[in-house]
Structure formats: C-alpha cells, structure tokens
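Coordinate analysis (summary)
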Amino acid sequence: MKQLLLLLYCLFFFHAVVAEDGSKLWLRLPTEAQATVKCNKQSPTLDVAVKELRQSWQGVSVTLSLQQTKSLRALGSEGYTIHTSPDGQQLTIASSGESGLLYGAFHLLRLQATGENLTALHLSERPSFDIRILNHWDNLDRTIERGYAGRSLWLWDELPATLSPRYAAYARANASVGINATVLNNVNASPQILSLDYLEKVKALADTFRPYCLKVYLAINFSSPSILGGLPTSDPLDPLVRKWWNQKVNEIYKLIPDFGGFLVKANSEGLPGPQDFGRTHADGANMLADALKPHKGVVLWRAFVYNPDDEDRAKQAYQEFVPLDGQFRDNVIIQVKNGPVDFQPREPFSPLFGAMKQTPVMAEVQITQEYLGFSNHLCFLAPMWKECLDSDTYQQGEGSTVARITDGSLYGRRPTAIAGVANTGDDVNWCGHDFAQSNWYAFGRLAWSHQLSSEQIADEWVAQTWGMKNKALTEMMLASREAIVSYMMPLGLHHLFAWGHHYGPEPWCDVPGARPDWMPSYYHKADALGIGFNRSSTGSNATAQYHTPLCEAFDNVQTCPENLLLWFHHVPWDHRMKNNRTLWDELCYTYNKGTQQARNFQKVWDNLEKFVDSQRFREVQHRLKIQARDAVWWRDACLLYFQQFSKRMIPAELERPVHELNDMMNYKLPITNYECPPYGFTP
Ligand code: GCV
C-alpha cells in the first residue's frame, strides 16, 4: 500500500513538473469546463472559438453572435462587444466578423484567468492597428538570425506532408493576444522561399493558421527574378521583371488566396535592391505593390538603410526616404525601426515617423533581445515600446504621437500596421527565458491596444503565467528595461556591444578593416575631453530632423533629456548633471545602480519560491544569476575602459570593479550562429 502511495505521489509529482515546463505560455487554462456555448454559424474559426470556451469557460452560458448591425460594423470585422444579460444568466459576444468572435472568446478567457469581476460585463473593443505582424528572422536551414530560443519552429524538410502540432499551438497563442499576421522567413531572404517547392510548404502553414485568423506574409529577396527566374536583370522598371513578379504573385494567390503580402529589406547591409539598377526605393516598392494590388496584398518596405561612408548613420533613413514621400502606391507601408540606429537599449524615436506626410509608416520593434542580453536577461519590453509609441513628434503640433501617426488617427491613412521581430524558437518554452514570453504577449496586447499601460499588461501576464497577482513581480518587470539601460548603456550611450553577436560589452572593439559604423568608438567617441556623439547643430545636426520644439530641446545640452544626453552631445567629463554630480560620477552611479537592480531581481524571485512550480522557478533563478553576473561585467568593462579617458576616480562610496580591464579585453565569447550563451564573462 505504502509503495502504491509512493508511486502515485511520484506520478503526481512528475506530472506537475512536466506540466509546468513553460510550453503552455500564458494559456494555462482549465480544459474540462464543459461550458454551454452557442453560435449561430459554423466555420473553422467559429469552431475554434466555441471549443476554446466550451473547454475552459467556467461561467454562465455564452452566445457567439455574428451580426451585421451598424454599431458592430463600426468596430470592424475584428472588433467585438461582450455583454451580460440583465438577469446575469447569459453572456453574448457579438461581432460583424468571425475573427472578432474569436478575439472576444479569448478576451473572456483572459478576464477569467486574471481574476476579474465577471458579473456584469459591458465591453466594446477594436484593434489599434489593422496589421499586427510578427517578423520571423528564420532561415530556411532552421537557424534563426538573432534567435535565442533554439531552432526555427518551421520544419521545412517535413512540410507540407507533416504538420507539427506546434503550428496550431503557435497560431492559437497569437490569436489569444490578437496577432493576425506573420512573416515566416528572415528579411535577409533566400530567393528559394518563392520556389514552388517552398510555396507548397508555406501553403500548408497558411492552411493551419487560417482558422486562427493568422495571415501569412513572406520576406522576399529583390534579386529573385534573376536568381530564381534566370532573368538577366531584376530592374524594377524592366517589363520582363515586372511580368515575372506578376506571375509569381498569381502563383502564390492560387495556393494561398488570403496571402498578406511581401516584407522587403532592400539596399541594406549588402542585400540587393532597386538602387543596384539606378532606381529608387519607390520604384522597387511600387513594382511589387502593383503585382499585389489585384489580390489586396500589401508591401511592407523597410527603411532600415545606411551606408558606411556617410557622416552619421542615425540620419540616413530620413535622408533617403523623405524625398520619396508621396511617390509610393497606396498599398505600400514604410516599416521603420523604433529608433534611428538599431534597436539599442535606448534610442530617441526615429525622426522618420514625424517626417513622412503622405506615406503610411509603421513601427518595427524587436521582441527578440539582440541588444538586451538575449534570452538570459529578464527585460520586459512594453515600457520601451510605449516610450516610442507615446513620443510626440509634433508633426501637426502637440499630440502628434508616433502611435497616432501609425494608427491612422492623425491622418486616417490605411492600412495601419505594427511589426515585432519574433523571439520564438523550438525550445520547449518557446522563448528561452520564461519571462521572454511576456514580450511576445506584450507585443500582441499593445498591437491590439496601444493605450494599455505597461503595468496592466505585466499584471495580466503574471496572473496568467504564474497563477498569482504579485506586486513585487510586476514591479521587477516594469523596472527591468531601465535597469538594463543602466548597467549597459546609460545616459544615451549606444552600440557598445561585442563584435558580431552583440551579447557582452566591447567599448574598445576595433576590428581592422571593418565598417566604421559597426564599431563602438564610432558611437561613444570617448576622448580626454568627454564622451558622446555630437548630433547637435555644431555636429552632425541630426537634431534638425526633429520638429520644433524637440529639435531645439535636443540641440541644447542644458535642455536635452539626460537619458539621451550622450546620444545627441559630446559632453565634458565634468559637465554638471541636474543632480549636481559630474557626468563621470553620474555614469559611475548609474552603472552601479543597474548592477544593484539586477541583484535585487534575484531576491524578488527567491522570495517567490513557494508560489512557483519548481522547474520554472529553477530555470528563471539560473538565468537571473547570469544576468546579475553579466551586469557586473558590463559595469566593470565600461567604467574601466572609459576611465582611461576620463582619468577620474570611481566615487569612493561605490563598489570597486572586480574584473581586470585586460582580461575582459582579451576575452571572446565563443558564440556561433547567434545561440544564447550559457554564461557570460568568467575570468
Ligand atoms: C536581419 C541588425 C541585426 C541584423 C538584422 C538587421 C536588420 O543589423 O544585427 O541581424 O538582419 O539589423 O534589421 O535587417
């Protein structure tokens, strides 16, 4: 008997451990609820919505109602209402579209999982952006550029015959937060993706995703007509090239009638583009837009362009694209990274958002943590993305935020969109770090409603993922991005990363013959006088790309926000900060503060041990240890390196460095293929 009990106990324990491996994401829903759910129509999407509610909803009976009333049509086919009947015995989710009912069903389940009061619901929702799209930087060999959670989810060799159950699980997770589109392959695109062989595989994925209202897009290589089609050129004005694209697009739509369109990285970082043929970005984008237009497809044309020979990389996208404003077809959206350089821990918003007056622009944010400690560091990104979306460009006077420009409310231009570079891979928990799941979640929630606060998103995610409401935990998440800025690149410093992989600090990095704008010294410009990039009117004049009054505020060292000071100015070491510390002392204090915060995260987490399942608890604990160690590595590397120029002491009351500068300078992390290192610098 005793043995039987022991066996049962072990089985239960084993089950509990296996069940909490992070694979369920935030969707840890009950599965045997047997709710009463009615729907006035059947379809693959509605069947999903009904099934989700039936198995997980634990409240009164629910009716899913597809209706074409004026007020529902005003919410769009993805919008919905949720109402409780006057007697409280019935809930109705209503929408003019099937996708609206699916999103409404997940909304209800979210309210249940987050412990909201469900007695008298009266809600009305519609998304902020039309296209809420993930960009996978997945290669066809299943490596992922800047991916830190294993290999690609797409098992190309097995497709189309074999469909991994993870495809539907992925689509379901996206639907649960309102993500409705996905680019399957890397923007550094292989032309092969457009071969019939691959298109049939793409079709199999699109068919699996369709019930979850997730549309498929592809990143294309601009030279596909010559590389894949054997044409002598890929010139966008050549009639044969245009014919090739038209035929290719028709072929795609025959297989995938609801195909979304193309994402294009052109004339950027060595990739081909229209400029190779003396044509403009508008010529290239319009050729593709013309081919896609009859099918209602769109072109997402990236503005991530820069040349090594120009004076300031931060100015270049603006310089290339603003003269083309007004020349793009109406089914082209210019996809702009949140900042003018490249997903740094902190950048000002890209001035392009406020400059394009006749062309739809959309923000691209990075969910994967290329510059934020990969999936080793806990960094909740909603505050960073909101910082960009809430920034006022002053394009039409006060209130012209990036959010209002990109969501169409300032100009009414459609379609509107927002993109996030995905952080998923084939790791059991999808994202490597259990807390990195919160960024996939946050991207979806903000894309649905950019008015949501970071706090609300963190609260929701914690409740669903960890089954509790915990103030200390959400506070840790909310503080995490600023902590990382503090221990990596405070006060507007940027791009101090190690060569190539971008994991650790290398402010000294100097690779002979490499592009100057890939070197940290190009950005920090530390010398005996001070530190920082002079982008004011006495320097590169990047400040002039912003509207009044920002332009003037950024331009003056006294009025420039201190968290962007060294982005816009080369500042003397003894410059007085607002708190009266010298710049050097403030750098030392800020690096130390970030380091302390990273250590405190360990304490917050350890306090939660008894509330969290053991497997996920240990995994997070392990990564927080790496993060705390890396924070010290960052602090020591940057302060000891910059001290060679400042020739000033680290304030006596602060912790001393524990590493030798030489050891750190001689250390190379053995990272290949962008994998996530198990540890950082260990002398
Ligand atoms: C996909 C940065 C990254 C590259 C990435 C590029 C881009 O430079 O380091 O890996 O390439 O941005 O966004 O195109």
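Residues numbered from 1 in each chain as written. Predicted model: local features only at pLDDT ≥ 70, side-chain atom pairs only at ≥ 80, totals over all residues. Heavy atoms only, no water.

1. Overview of helix H2 (residues 44-56)
- The end-to-end C-alpha separation of H2 is 18 Å, in line with the 18 Å expected for 13 residues at 1.5 Å each.
- When we look at burial in H2, the residues that qualify are Thr45, Leu46, Val48, Ala49, Val50, Glu52, Leu53 and Ser56.
- Contacts made by the buried residues of H2 are with strand S1 (37-39), strand S2 (61-66), strand S4 (90-95), helix H4 (98-113) and helix H5 (165-177). (Helix = DSSP H or I, 4+ residues; strand = E, 2+ residues; numbered from the N terminus. Expected span 1.5 Å × (residues − 1). Buried < 20%, exposed > 50% of the residue type's maximum accessible area, 1.4 Å probe, protein only. Contact = heavy atoms within 4.5 Å.)

2. So, the layout of surface pockets
- Counted as a void, the largest pocket has a volume near 740 Å³.
- What lines the largest pocket is a set of 27 residues, and nearest its centre among them are Glu78, Asp130, Ile131, Asn180 and Lys215.
- For the lining of the largest pocket, the elements supplying multiple residues, two or more each, are H4 and strand S8 (215-220).
- Partitioned by chemical class, the residues of the lining of the largest pocket number 10 nonpolar, 7 polar and 10 charged.
- Residue-level mapping places the lining of the largest pocket at the junction of two domains, with at least three residues from each of domain 1 (22-125) and domain 2 (131-466).
- For the second largest pocket, the lining is made up of 25 residues, of which Arg146, Glu269, Glu370, His502 and Trp518 are closest to its centre.
- The class makeup of the residues in the lining of the second largest pocket is 11 nonpolar, 5 polar and 9 charged.
- Two domains each put at least three residues into the lining of the second largest pocket: domain 2 (131-466) and domain 3 (485-533 + 570-665). (1 Å grid on protein atoms, 1.4 Å probe; cavity = no way out; pocket = protein on both sides within 12 Å on 5 of 7 lines; lining within 4 Å. Points joined across faces, edges and corners; volume = space filled by probe spheres on them. Nonpolar A, V, L, I, M, F, W, Y, C, P; charged D, E, K, R; others polar. Domains from an automatic or database assignment.)

3. Observations concerning unusual backbone geometry
- Backbone torsion omega between Arg414 and Pro415 reads 0°, so that peptide bond is classified as cis.
- Tracing the chain through its elements places Pro415 in the loop between helix H12 (402-406) and strand S13 (417-421).
- The peptide bond linking Thr548 to Pro549 adopts the cis configuration, its omega dihedral lying at 5°.
- Considering the arrangement of structural elements, one finds Pro549 in the loop between strand S14 (530-531) and helix H17 (550-555).
- In this structure, Glu269 takes a positive phi of about 50° despite not being glycine.
- With respect to the helices and strands, Glu269 occurs in the loop between strand S9 (261-264) and helix H9 (281-292).
- Here the phi dihedral of Lys296 falls at roughly 65°; this positive angle occurs in a residue that is not glycine.
- Relative to the assigned elements, Lys296 resides in the loop between H9 and strand S10 (298-302).
- Residue Lys296 is classed as exposed on the basis of its relative accessible area, which comes to 75%.

4. Some remarks on the site of the ligand
- Not every one of the 15 residues close to the ligand is listed here, only the nearest: Glu145, Lys265, Arg302, Lys337 and Glu370.
- A distance of 2.8 Å separates an oxygen atom of the ligand from a polar side-chain atom of Glu269.
- In this structure, Lys337 approaches the ligand through a side-chain N or O atom, which is 2.6 Å from an oxygen atom.
- In isolation the ligand offers 340 Å² of accessible surface; the protein chains occlude 96% of this area.
- Within the shell around the ligand, the residues separate by chemical class into 4 nonpolar, 3 polar and 8 charged. (Near = heavy atom within 4 Å. Polar contact = N/O pair within 3.5 Å; in protein donor to acceptor, adjacent residues only side chain to side chain. Areas by Shrake-Rupley, 256 points an atom, 1.4 Å probe, with all protein chains shown as cover.)

5. What to know about the side chain of Ser95
- Relative to the assigned elements, Ser95 resides in strand S4.
- Among the polar contacts made by the side chain of Ser95, one reaches the main-chain amide nitrogen of Gly97 at a distance of 3.0 Å.
- Residues within four places of Ser95 in sequence aside, it is in contact with Ser65, Leu66, Gln67, Leu72, Ser77, Gly79, Tyr80, Gly100 and Leu101.

6. A short note on empty space enclosed by the protein
- Within this structure, the stated rule accounts for 13 cavities of 30 Å³ or more.
- Forming the boundary of the largest cavity are 18 residues, of which Ala303, Ala317, Gly339, Pro340 and Ser350 lie nearest the centre.
- When contributions to the lining of the largest cavity are tallied by element, the ones reaching two or more residues are helix H10 (316-321) and strand S11 (332-337).
- No other element matches H10, which puts 3 residues into the lining of the largest cavity.
- When grouped by side-chain class, the residues that make up the lining of the largest cavity number 12 nonpolar, 3 polar and 3 charged.

7. With respect to the confidence of the model for the chain
- Residues of the chain with pLDDT of at least 70 account for 97%, and the chain-wide mean is 95.
- Note on residues 4-18: pLDDT under 50 across the span, and 3 contacts to partners over four residues away in sequence or across chains. (pLDDT = per-residue confidence, 0-100.)

8. A closer look at the sheet that holds S1
- The strand order S1-S2-S4-S3-S5 describes an open sheet built from 5 strands, whose pairing is mixed. Edge positions in the sheet fall to S1 and strand S5 (122-125), since each of these pairs with one other strand and no more. Looking at each pair of strands side by side, their axes are set apart by 15° on average, direction ignored.
- Note that S1 and S2 share 3 bridges and pair parallel. If you follow Cys39 over to S2, its bridge partner there is Leu64.
- Running over the sheet, H4 touches S2, strand S3 (80-84), S4 and S5 and is turned about 140° from S4. (Pairing = 2+ DSSP bridges. Axes fitted to C-alpha atoms, helices over the stretch in contact; angles between N-to-C directions.)

9. With respect to the pattern of salt bridges
- Within this structure, the stated rule accounts for 37 salt bridges.
- A salt bridge links Asp574 to Arg648; the nearest nitrogen and oxygen atoms lie 2.7 Å apart. Residue Asp574 is found in the loop between strand S15 (571-572) and helix H19 (583-606), and its partner Arg648 is found in the loop between helix H20 (614-646) and helix H21 (661-666); the two are separated by 74 residues along the sequence.
- Exposure remark for Arg648: the relative accessible area of 28% places this residue in the partly exposed category.
- Close ionic contact of Glu586 with Arg581 constitutes a salt bridge, the shortest N to O distance being 2.9 Å.
- Given the relative accessible area of 29%, Arg581 is considered partly exposed.
- Members of the salt-bridge network, linked through shared partners, are Glu20, Arg28, Asp613 and Arg616. (Salt bridge = Lys/Arg side-chain N within 4 Å of Asp/Glu carboxyl O.)

10. Concerning the nonpolar core
- Phe262 and Trp301 are the most contacted members of the largest nonpolar core, which totals 216 residues.
- Ranked by the residues each element gives to this core, the list is headed by H20, at 13 residues.
- Those residues in contact with Phe262, other than ones at most four positions away along the chain, are Leu194, Tyr217, Leu218, Ile220, Trp245, Val249, Ile252, Leu288, Leu292, Val298, Val299 and Leu300. (Core = buried A, V, L, I, M, F, W, Y, C linked by side-chain atoms within 4.5 Å.)

11. Notes on the sheet that holds strand S6 (residues 131-135)
- Taken in spatial order, the 8 strands line up as S6-S7-S8-S9-S10-S11-S12-S13 and close into a barrel, and their pairing is parallel. On average, each strand axis in the sheet is inclined to that of its neighbour by 25°, with strand direction left out of account.
- Across 4 bridges, S11 lies against strand S12 (residues 361-366) in parallel orientation. By the bridge assignment for S12, Lys337 is matched with Glu364.

12. Brief notes about the environment of Asn563
- Following the sequence through the fold, Asn563 ends up in the loop between H17 and helix H18 (565-568).
- By relative accessible area, Asn563 is classed as partly exposed at 34%.
- Between the alpha carbons of Asn563 and Tyr217 there is a distance of 37 Å; along the sequence they are 346 residues apart.
- Discounting residues that sit within four places of it in the chain, Asn563 has contacts with Arg346, Leu491 and Gly492.

13. Digging into the packing of aromatic side chains
- For the structure shown, the criterion picks out 44 aromatic pairs.
- Here the aromatic rings of Tyr503 and Trp633 are separated by 6.4 Å at their centres, their planes lie at 45°, and the arrangement is tilted. With Tyr503 in the loop between helix H15 (471-488) and helix H16 (520-524) and Trp633 in helix H20, this residue pair connects regions lying 130 residues apart in the sequence. This pair shows no difference in class: Tyr503 is buried, exactly as Trp633 is.
- Residues Tyr641 and Phe645 carry aromatic rings whose centres are separated by 5.4 Å and whose planes lie at 70° to one another, so their mutual orientation is edge-to-face. Of this pair, Tyr641 and Phe645 both sit in helix H20, 4 residues apart, roughly one helical turn.
- Here the basic side chain of Arg166 rests over the ring of Trp430, its NZ or CZ set 4.0 Å away from the ring centre. (Phe/Tyr/Trp six-rings, centres within 6.5 Å; stacked < 30°, edge-to-face > 60°. Lys NZ or Arg CZ within 6 Å of the ring centre and 35° of its normal.)

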